[in-house]
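Close look at the chain arrangement
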Amino acid sequence: MGSTVLFSPAKINLFLAVTGRRADGYHELVSVVVPVDFGDTLGIETRAGDEFTLECADPAVPRGESNLVLKAARLFAEMTGRAGGAAFFLEKRIPIGAGLGGGSSNAVAALRGLNFLAGEPLDAAALAALAARIGSDCALFLPGGPVVMRGRGERVEPLAVETAARLRGRRMLLFKPGFGIGTPWAYAQLAAAGEKNYLPAAEAEARLAAWSRDARAPAEAILFNSFERPVFQKFPALPVLLENLAAEFGLAAHMSGSGSACFAFLPDGVATNAVAARIHEAWGMAALVVETKIC
């Protein structure tokens, strides 16, 4: 029997260009994604038998077949042919329906932990292939730093060292209202609106290339999210607050993923408490407000 505990980070999409819809129903995208030092903790204990169980104090976390940690465990056992079960203990901080990749991050933490406890039977390529089977944005959590994600999310490559260095350590404020947004719903809104909500792939790649080449370009220069147009139409509380934060504090605030969580880089001299107070004034005390930084 063995055990391990892993950190499971949230992710933030600094640049998220949805470029079109494929014949199989999936969407193509180009995205710059960063992990942050805010996240969940996943404990794993191997057990005799072949059962996988999950304990979590958060009642919103599913316990059945839809839970990505348990799905990851079953796929790992299937791919490796290894017998034995495991008990998972999830300390949940990343909210559900936030666009922060919490479930996907938990699944990758499960894969990493099981692979470690089994003596590393899967190499990096095999882990990436397995992660892609679990969910479209799972593979982005494997490199452990800023990445570019393409395809439906399964094609992941680390940012160039110099580019990633401009991002690592940057302070951010992460904030989410009391409601979540379902990713399937958000993609459906994009598809319903047709081409006007998509950013052509050539333009997305050109923006990314220009930003990457310019060593003086700040992280703020790449901020973009295709989901903001349809989501903001449905949930005006999001754009109203982001506009107010820009006017009052000079913050370039955007939404992460399909929402509802938003983020803003924190320049030196900005009082975090004052910004947090403004967010709670607008969205109520149920709003999550966390200062974090890019890993």
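Refer to the structure printed above.
In this report, the structure presented in the accompanying data block is examined. (Residues numbered from 1 in each chain as written. Predicted model: local features only at pLDDT ≥ 70, side-chain atom pairs only at ≥ 80, totals over all residues. Heavy atoms only, no water.)

For the rest of this paragraph, the subject is the overall build of the chain. For the chain, the count of helices and strands is 9 helices and 11 strands. Here the C-alpha atoms of the chain give a radius of gyration of 19 Å, agreeing with the 19 Å that 2.2 N^0.38 yields for 295 residues. Looking at the chain residue by residue over its 295 residues, the buried ones come to 52%. As presented, the chain carries roughly 12,800 Å² of accessible surface, and 54% of it is formed by carbon and sulfur atoms. For the chain, the centre of its 28 positive side-chain charges and the centre of its 29 negative side-chain charges are spaced 3 Å apart. (Helix = DSSP H or I, 4+ residues; strand = E, 2+ residues; numbered from the N terminus. Rg over C-alpha atoms; globule rule 2.2 N^0.38 Å. Buried < 20%, exposed > 50% of the residue type's maximum accessible area, 1.4 Å probe, protein only. Areas by Shrake-Rupley, 256 points an atom, 1.4 Å probe, with all protein chains shown as cover. Lys, Arg positive; Asp, Glu negative; His and termini not counted. Charge placed at Lys NZ, Arg CZ, Asp CG, Glu CD.)

As enumerated under the stated definition, the model contains 7 aromatic pairs in all. Ring geometry for Phe52 versus Phe88: centroids 6.5 Å apart, planes at 35°, classification tilted. You can see Phe52 sitting in strand β3 (residues 52–56) and its partner Phe88 sitting in strand β4 (residues 85–91), a full 36 residues away along the chain. Summarising the aromatic geometry, the rings of Trp185 and Phe235 are spaced 5.8 Å apart at their centres and angled 70° between planes, so their arrangement reads as edge-to-face. One end of the pair, Trp185, is in helix α5 (residues 183–193); the other, Phe235, is in the loop between α7 (228–234) and α8 (237–249), and 50 residues separate them in sequence. Here the aromatic residues Phe179, Trp185 and Phe235 are joined through ring pairs into a cluster of three or more. Across from the ring centre of Tyr26, 5.1 Å away, lies the NZ or CZ of Arg152, which sits over that ring. Taking NZ or CZ as reference, Arg166 lies 4.9 Å from the ring centre of Trp211, over its face. (Phe/Tyr/Trp six-rings, centres within 6.5 Å; stacked < 30°, edge-to-face > 60°. Lys NZ or Arg CZ within 6 Å of the ring centre and 35° of its normal.)

Our focus in this paragraph is the packing of helix α1 (residues 68–80) against helix α3 (residues 124–134). At a minimum axis distance of 10 Å, the contact between α1 and α3 shows a crossing angle of 135°. One finds that α1 runs oblique with respect to α3. In this structure, the crossing between α1 and α3 has a hand that is right-handed. Listed contacts from α3 to Leu68, Lys71, Ala72, Leu75, Phe76, Glu78 and Met79 of α1 are Ala126, Leu130, Arg133 and Ile134. Partitioning the contact of α1 with α3 into residue classes produces 8 nonpolar, no polar and 3 charged. (Axes fitted to C-alpha atoms, helices over the stretch in contact; angles between N-to-C directions. Parallel < 35°, antiparallel > 145°, perpendicular 65-115°, else oblique. Left-handed = near helix turned anticlockwise from the far one by under 90°. Contact = heavy atoms within 4.5 Å. Nonpolar A, V, L, I, M, F, W, Y, C, P; charged D, E, K, R; others polar.)

One finds Phe88, Phe175, Val231, Leu238 and Ile279 to be the most contacted residues of the largest nonpolar core, which totals 65 residues. Among the elements that line this core, the one with the most residues is α1, at 7 residues. Membership of the second largest hydrophobic core comes to 32 residues, among which are Val30, Leu159, Ala217 and Ile222. (Core = buried A, V, L, I, M, F, W, Y, C linked by side-chain atoms within 4.5 Å.)

Turning our eyes to something else, we now look at the pattern of salt bridges. As enumerated under the stated definition, the model contains 13 salt bridges in all. In this structure, the salt-bridge partner of Glu28 is Arg22, at a minimum N-O distance of 3.3 Å. By relative accessible area, Arg22 is classed as partly exposed at 22%. A cluster of three or more residues bridged by salt bridges with shared partners is formed by Arg22, Asp24 and Glu28. (Salt bridge = Lys/Arg side-chain N within 4 Å of Asp/Glu carboxyl O.)

Okay, unusual backbone geometry next. Residue Ser260 is reached from Gly259 by a cis peptide bond, and omega for that bond is 10°. With respect to the helices and strands, the residue Ser260 is situated in the loop between β9 (253–255) and β10 (262–265).

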